[in-house]
Amino acid sequence: KYIPSAVFKQIECGTLVYVNEMRNISVIFINGAGLDVMSTKGAATAQELMVEVQKKCYQHEGTLNKFMIDDKGMLFLLVFGLPPLVHTDDPTRAVLSCFDMVKVFKRLELVGRFGVTTGRSYCGVCGSNRRMEYTVLGDCVNLAARL
């Protein structure tokens, strides 16, 4: 449940090194505000938001790569174009999923800021055998975070 299926298959086959690649992807960075997760209602709202963002992302065949809450708010990193869910219209799918997620943020009375980019990025495993993570890195990802 925590590892993309294409990556898990590589782990099972012992060919994990082939997962690391440069590829064209579309990235959505969502910065959310207006949620106090330390309150009972806030924790429940955060869970509802997470479920809804995942649902909207998966409806357009994207991948949720990261979710984090800290003193600056909530952060989501969504990626379109990772195997096995690769489409020629991944940029369009990313934008359409943003429209759906804006409605979720409004319904929950939260503020969401969305940065969407498309470009060539490193997609692969980072870390050691003790703890590794499948992630995306590159200018395209950094730009989405700054938009």
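Structure's up top.
Presented here is a report on the structure given in the accompanying data block.

Each value, and the rule that gives it
Think of each chain on its own: its residues are numbered from 1, step by step along the sequence as written. For this predicted model, a pLDDT threshold of at least 70 governs which residues receive local features, and a threshold of 80 or more governs which side-chain atom pairs are given and counted, while totals over whole chains, interfaces and linings are taken from all residues. The side-chain values count all of the structure's non-hydrogen atoms but skip hydrogen atoms and water molecules. In this description a helix means any DSSP run of H or I spanning at least four residues, a strand means any run of E spanning at least two, and both kinds are numbered starting from the N terminus. Three exposure classes are used, based on accessible area relative to the maximum for each residue type with a 1.4 Å probe and protein chains only: buried under 20%, partly exposed in between, and exposed over 50%. In this analysis, two residues are considered to be in contact whenever any of their non-hydrogen atoms come within 4.5 Å of each other. Values of accessible area rely on a 1.4 Å probe in the Shrake-Rupley scheme; residue burial ignores everything except the protein chains shown. Two aromatic rings from Phe, Tyr or Trp, using only the six-membered ring of Trp, form a pair when their centres are within 6.5 Å; if the ring planes differ by under 30 degrees the pair is stacked, by over 60 it is edge-to-face, and anything between is tilted.

**Things to note about the overall build of the protein**
Part 1 of the argument: On a plain count of helices and strands, the protein comes out with four helices and five strands.
Part 2 of the argument: When the helices and strands of the protein are read in sequence order from the N terminus, they spell out α-β-α-β-β-α-β-β-α.
Part 3 of the argument: Across the 147 residues in the protein, those meeting the buried criterion constitute 38%.
Part 4 of the argument: Pairs at least 24 residues apart make up 66% of the contacts formed inside the protein by residues separated by at least 6 positions.
Part 5 of the argument: When the accessible surface of the protein is split by element, carbon and sulfur atoms take 56% of a total near 8,800 Å².

**Describing the packing of aromatic side chains**
Part 1 of the argument: Taken as a whole and judged by the stated rule, the model has two aromatic pairs.
Part 2 of the argument: Each ring, one from F67 and one from F76, has its centre 4.6 Å from the other, and the planes form 40°; the classification is tilted.
Part 3 of the argument: With relative accessibility at 31%, the residue F67 sits in the partly exposed group.
Part 4 of the argument: With 5.6 Å between their ring centres and 80° between their planes, F105 and F114 make a pair best called edge-to-face.
Part 5 of the argument: The exposure class of F105 is buried, given its relative accessible area of 2%.
Part 6 of the argument: Accessibility expressed as a relative area gives 22% for F114, which makes it partly exposed.

So far we have only geometry, and geometry alone does not tell us how the molecule works.
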